[in-house]
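# Architecture at a glance
Here is how the chains run, residue by residue.
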Amino acid sequence: MLTEEPIVIGRKKKDVQRYGYRGTAYIGRVVLGKGEALALGRPVLLDISESHVILVLGKRGYGKSYTLGVILEEFDRLPFSVRGRLSVVNVDTAGVFWSSKFPNKEDEELLKQWGLTPRGMQNLLLYVPKKVLDHYRKAGIPVDGAFLLNPAELSLEEWLWLLKLNLDHPAGSLLAEIYEEKGEIEDIDALIASLGDDEVSRTLKARLKIVKGWEIFDPSAPSVKEYLKPGKIVNIDVSTFRGDRRLPSIVVSLIGRRLFEERMLAKKGEDAALLRGESPSSMPIVWMVVDEAHLFAPRNDDPPSREVLRIWAKVGRQPGLGMILATQQPSDLDDGIITQADVFISHRLTSKLDLDALAKIKPTYIPEALDKEISRLGHEKGLAIVLDDVTERILLIKVRPRMSLHAGSSASALRTSYL
Ligand SMILES: Nc1ncnc2c1ncn2[C@@H]1O[C@H](COP(=O)(O)OP(=O)(O)O)[C@@H](O)[C@H]1O
Ligand SMILES: [Mg+2]
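Residues numbered from 1 in each chain as written. Chains lettered and ligands numbered in written order. Predicted model: local features only at pLDDT ≥ 70, side-chain atom pairs only at ≥ 80, totals over all residues.

## Comments concerning the site of ligand 1
Stated precisely, the cut-off is as follows: Being near a molecule or strand means, for a residue, that its C-beta atom, positioned from the backbone, comes within 6 Å of it. Basically, the charged four are Asp, Glu, Lys and Arg, the nonpolar ten are Ala, Val, Leu, Ile, Met, Phe, Trp, Tyr, Cys and Pro, and anything else, Gly included, counts as polar.
Taken together, 15 residues are adjacent to ligand 1, and G63, K64, S65, Y66 and G382 come closest. Among the residues making up the shell around ligand 1, the classes are represented as four nonpolar, eight polar and three charged.

## Topic: the environment of K131
The condition is simple: Secondary structure is summarised from DSSP: a helix means a run of H or I of at least four residues, a strand means a run of E of at least two, and numbering begins at the N terminus for each. As a rule, residues whose C-beta atom has 12 or fewer other C-beta atoms within 10 Å are exposed, those with 20 or more are buried, and those in between are partly exposed; C-beta atoms are placed from the backbone.
Note on placement: K131 falls in helix α5 (residues 130–138). Of the residues examined, K131 has 14 C-beta atoms within 10 Å and is grouped as partly exposed. It is 6.7 Å that separates the C-alpha atoms of K131 and E215, two residues lying 84 residues apart in sequence.

## Overview of helix α10 (residues 246–275)
We count it as follows: Helices are assigned an expected span. That span is 1.5 Å times one less than the residue count.
Given a rise of 1.5 Å per residue, 30 residues ought to cover 44 Å, and the 43 Å separating the end C-alpha atoms of α10 matches this to within 8%. The first or second residue beyond α10 is G277, which carries a positive phi of 80°.

## Describing the pairing of strand β6 (residues 124–129)
Definition in use: A strand pair is defined by DSSP finding two or more bridges across the two strands. If you view a crossover with the strands going away from you and the path from the first strand over the helix to the second runs clockwise, you call it right-handed.
Most of β6 sits out of view: six of its six residues are buried. Two strands pair when backbone bridges link them, and β6 and strand β8 (residues 233–237) are joined in this way by four bridges, in the parallel orientation. The partner of Y127 across the bridge, within β8, is I236. Direction of pairing for β6 relative to strand β7 (residues 145–147): parallel, over a ladder of three bridges. Residue pairing in the sheet places Y127 in a bridge with G145 of β7. This β-α-β element, β6 to α5 to β7, shows right-handed connectivity.

## Quick look at the pairing of β8
Buried residues dominate β8, accounting for five of its five residues. Residues of β8 alternate between two faces, with I233, N235 and D237 on one and V234 and I236 on the opposite face, all of them buried.

## Re the confidence of the model for the protein chain
This is how the line gets drawn: Confidence of the prediction at every residue is given by pLDDT, a number between 0 and 100. Placing a C-beta atom from the backbone of each residue, one calls two residues in contact when those atoms lie within 7 Å.
On average, the protein chain scores 88 in pLDDT, and the residues at 70 or more come to 87%. When the criterion is pLDDT under 50, residues 411–419 qualifies, and its contacts beyond four places in sequence or with other chains add up to four contacts.

## Things to note about the packing of helix α7 (residues 170–182) against helix α9 (residues 199–213)
Inclusion rule: Each axis is a line fitted through C-alpha atoms, and for a helix only the stretch in contact is used; angles between axes span 0 to 180 degrees, taken between their N-to-C directions. Roughly parallel means an angle under 35 degrees; roughly antiparallel, over 145; roughly perpendicular, 65 to 115; everything else is oblique.
Interhelical geometry of α7 versus α9 gives an angle of 80° and a closest axis separation of 9 Å. With respect to each other, α7 and α9 are oriented roughly perpendicular. On the side of α7, the interface is formed by P170, A171, L174 and L175, while α9 contributes V200, S201, T203 and L204. For the contact of α7 with α9, the residue count by class is six nonpolar, two polar and no charged.

## Remarks on the packing of α10 against helix α11 (residues 304–315)
Note the following rule: Each helix crossing is assigned a hand: it is left-handed if the near helix lies turned anticlockwise from the far helix by less than a right angle, otherwise right-handed if that turn is clockwise.
Where α10 meets α11, the axes come as close as 8 Å, and the angle between the chain directions of the two elements is 35°. Both α10 and α11 take part in a crossing whose hand is left-handed. Taking contact as the criterion, the partners of S249, I250, V252, S253, G256, R257 and F260 in α10 are, on α11, P304, S305, V308, L309, I311 and W312. Residue composition of the contact of α10 with α11, grouped by class: eight nonpolar, four polar and one charged.

## Some thoughts on the environment of A297
Within the element layout of this structure, A297 appears in the loop between β9 (285–290) and α11. Considered as a pair, A297 and I337 are 40 residues apart in the sequence and their alpha carbons are 8.3 Å apart. Every residue in contact with A297, bar those within four places of it in the chain, is listed here: S305, R306, L309, R310, L333, D334 and I337.

## Quick word on unusual backbone geometry
The phi dihedral of K164 falls on the positive side, at around 55°, and the residue is not glycine. Accessibility expressed as a C-beta count within 10 Å gives 12 for K164, which makes it exposed. At E215, a position not held by glycine, the phi torsion is positive, near 55°. Following the sequence through the fold, E215 ends up in the loop between α9 and β8. You can call E215 partly exposed: it has 14 C-beta atoms within 10 Å.

Right under this line is the structure:
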């Protein structure tokens, strides 16, 4: 129940007049008053019908992942007329979003105060690595399928990075030769079988075997773009790759690259259709949601995902690619991405380094004064400063409670069950 007039962020006034509140996400309420007690004011809606680069920031434990969950819930409950024209992929680094299929009954009373009721996500598809599929199913987690990648989709650069090789390395240049000749690596097994027994080949073989052992590459796997469906939120659980830090980056790089190509082509067709007076394609907007974004686009390293995320941030708007990135270390995140962000949702940031990193790149951002404001409110979770470049507004908000179950709370010896 939104009895007061909402504030819409990320949407120009004239578009609010035109479209009203359709295609927005109810993320929270404005915090009023300066005293100890927290009073809540107007509802805050975030535009998710157009592509944006949204950065969710804040110290560990202050609500970044929770806020991502709130936004995902809002995608989930958009009317189909809007949702069906969007597609969302969530890169689940902590493996916590499966619980969103269940209603958050624990907070029923609290939700009521917000005019909401517990509700599990209806349009969430959970994909996990094949290796853990049975384990998850046995644990009662409603998984929708295994996530496999087709080796033929990887670029040479992605292979080299994955195998910790480069062109100066003899095994790297051997791989490059093979790749150049065939134009792809179709099948890891076949490649291993085709290699000789000299030292360089043996090095390459050994590394390929490690990658094969991850059971993620399969020549019969569909293209990554097949995982995305109109109106669905696809959750890719990369948490169990933690030991193989390079793999999540490849997942982001592949999804980002393939969808970019796809959307660039589709956009041309849509523009042509519009010129002919026909209606455009059914899925014009793709959102990618990435938690722990500094791992994928670090300032001081160069995984393949970094370049892809930079491109999305820089030129994604035109083909309809939006991003929501969360990080506790903006000072470790690629500058090019921060510069392109048009909406910031900043939970507590206390490190001077991080505040300075933002202030330098976004001179409009004056976080210190606002951060003090937040500190005064104590350790209350879910408070955030919202900075909106589109409407040039700064707000202090409280993020609303989750309607679906949030599995990301800290481990507790007292808690025995989520469900
Ligand atoms: N808006 C909120 N309302 C209520 N509780 C929240 C809110 N945001 C966060 N929390 C609580 O704080 C905990 C930590 O939040 P989380 O999003 O996991 O932090 P982060 O990702 O920033 O490390 C959550 O498990 C939840 O219990
Ligand atoms: Mg988190």
